[in-house]
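Observations on the three-dimensional arrangement
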Amino acid sequence: METLFTSFFLVFASEMGDKSQLMSIAFASLFKARTVLVSVLIAALINNGIAVLFGSYMGEHIPNFYMKFLAALLFLFFGVFSLSHKESENGKIITSHYPPLLAIIITYVLSEFGDKTQLTTIALTASYRQPFYILLGTTLGMFMADVIGIIIGSYFNKKISHNYLKYISSAVFIAFAFSLLYKLFYK
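This is a predicted model, so every value here is computed, not measured.

Here's the deal with the overall build of the protein
When its secondary structure is counted, the protein shows eight helices and zero strands. Out of the 187 residues belonging to the protein, those deemed buried represent 46%. As displayed, the protein has an accessible area near 9800 Å², and 70% of this comes from carbon and sulfur atoms.

Structure (structure tokens):
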């Protein structure tokens, strides 16, 4: 049980204010909270599962640069998409070329690839050698931090004009895109 609690608290603490939590806020202002919740849970399971099972192998054979570059392009796409989406009466996206569930999952998995959460998961797995508890703890930690983001995003969706949310959401995604690109090419 120590492994479960340790992995939960380490990941939960590292996710507070992290890009995935901010993405949760942005996605919750665009899509239904239930869709974002399910997407985030699936993405957390995929991301942490990769870290537990194949993290070391992938880190050696797939350059982190390419994964981060693809994540930056996805952030840029969602930033532009946020500005141009069509809304229903309640402000949720009703037309898209990609199903929201799939779009959110792909964005989360790629953006978290090689992130501190995934690296933490790899280190915990190597230290404790209890992959099931590490997967469970890290997934719950990431999910709970993102639930807070989804609640905040849903609250803002009810209290703030949809036009403002659209611009804020777009700015968050575009800022992440340029931040990643800057880190890739200038650091």
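Moving on from the coordinates now.
As for the side chain of Ser24
Here Ser24 is to be found in helix H2 (residues 19–28). Apart from residues lying up to four places away in sequence, Ser24 is in contact with Val36, Val40, Tyr108, Asp146, Gly149 and Ile150.

Comments concerning the confidence of the model for the protein
Per-residue pLDDT for the protein has a mean of 77; in total, 81% of the residues score no lower than 70. Element-level pLDDT for the protein is lowest in helix H4 (residues 64–84), with a mean of 73, against a maximum mean of 86 in helix H5 (residues 100–112). Across residues 87–95, confidence stays below pLDDT 50; counting only partners more than four residues off in sequence or on other chains, it has 23 contacts.

A closer look at the packing of aromatic side chains
Under the counting rule described, the total for this entry stands at six aromatic pairs. Joined through ring pairs, the aromatic side chains of Phe8, Phe9 and Phe12 make up one cluster.

Some words on the nonpolar core
With 20 residues, the main nonpolar core has Phe27, Phe31, Val36, Tyr108 and Phe173 as its most contacted residues. Those elements giving two or more residues to this core turn out to be H2, helix H3 (33–61), H4, H5 and helix H7 (131–159). A per-element tally of this core places H5 first, with five residues.

Topic: the packing of H2 against H5
The geometry of H2 relative to H5 is characterised by a closest axis approach of 11 Å and an angle of 160 degrees between their N-to-C directions. Of the possible angle classes, the one that applies to H2 and H5 is roughly antiparallel. Relative to H5, H2 is oriented so that their crossing is right-handed. Taking contact as the criterion, the partners of Lys19, Ser20, Met23, Ser24 and Phe27 in H2 are, on H5, Ile104, Thr107, Tyr108, Ser111 and Glu112. Classifying every residue of the contact of H2 with H5 gives four nonpolar, four polar and two charged.

Focus on the environment of Ala28
Among the secondary structure elements, Ala28 is positioned in helix H2. Judged by relative accessible area, Ala28 falls into the buried class, the value being 0%. Residues Ala28 and Ser154, spaced 126 residues apart in sequence, show a C-alpha to C-alpha distance of 5.5 Å.

Examining the side chain of Thr107
If you trace the backbone, Thr107 turns up in helix H5. Here the side chain of Thr107 touches Ala103 through a polar contact of 2.8 Å, landing on its backbone oxygen.

Scoring rules and cut-offs
Residues numbered from 1 in each chain as written. Predicted model: local features only at pLDDT ≥ 70, side-chain atom pairs only at ≥ 80, totals over all residues. Heavy atoms only, no water. Helix = DSSP H or I, 4+ residues; strand = E, 2+ residues; numbered from the N terminus. Buried < 20%, exposed > 50% of the residue type's maximum accessible area, 1.4 Å probe, protein only. Areas by Shrake-Rupley, 256 points an atom, 1.4 Å probe, with all protein chains shown as cover. Contact = heavy atoms within 4.5 Å. pLDDT = per-residue confidence, 0-100. Phe/Tyr/Trp six-rings, centres within 6.5 Å; stacked < 30°, edge-to-face > 60°. Core = buried A, V, L, I, M, F, W, Y, C linked by side-chain atoms within 4.5 Å. Axes fitted to C-alpha atoms, helices over the stretch in contact; angles between N-to-C directions. Parallel < 35°, antiparallel > 145°, perpendicular 65-115°, else oblique. Left-handed = near helix turned anticlockwise from the far one by under 90°. Nonpolar A, V, L, I, M, F, W, Y, C, P; charged D, E, K, R; others polar. Polar contact = N/O pair within 3.5 Å; in protein donor to acceptor, adjacent residues only side chain to side chain.

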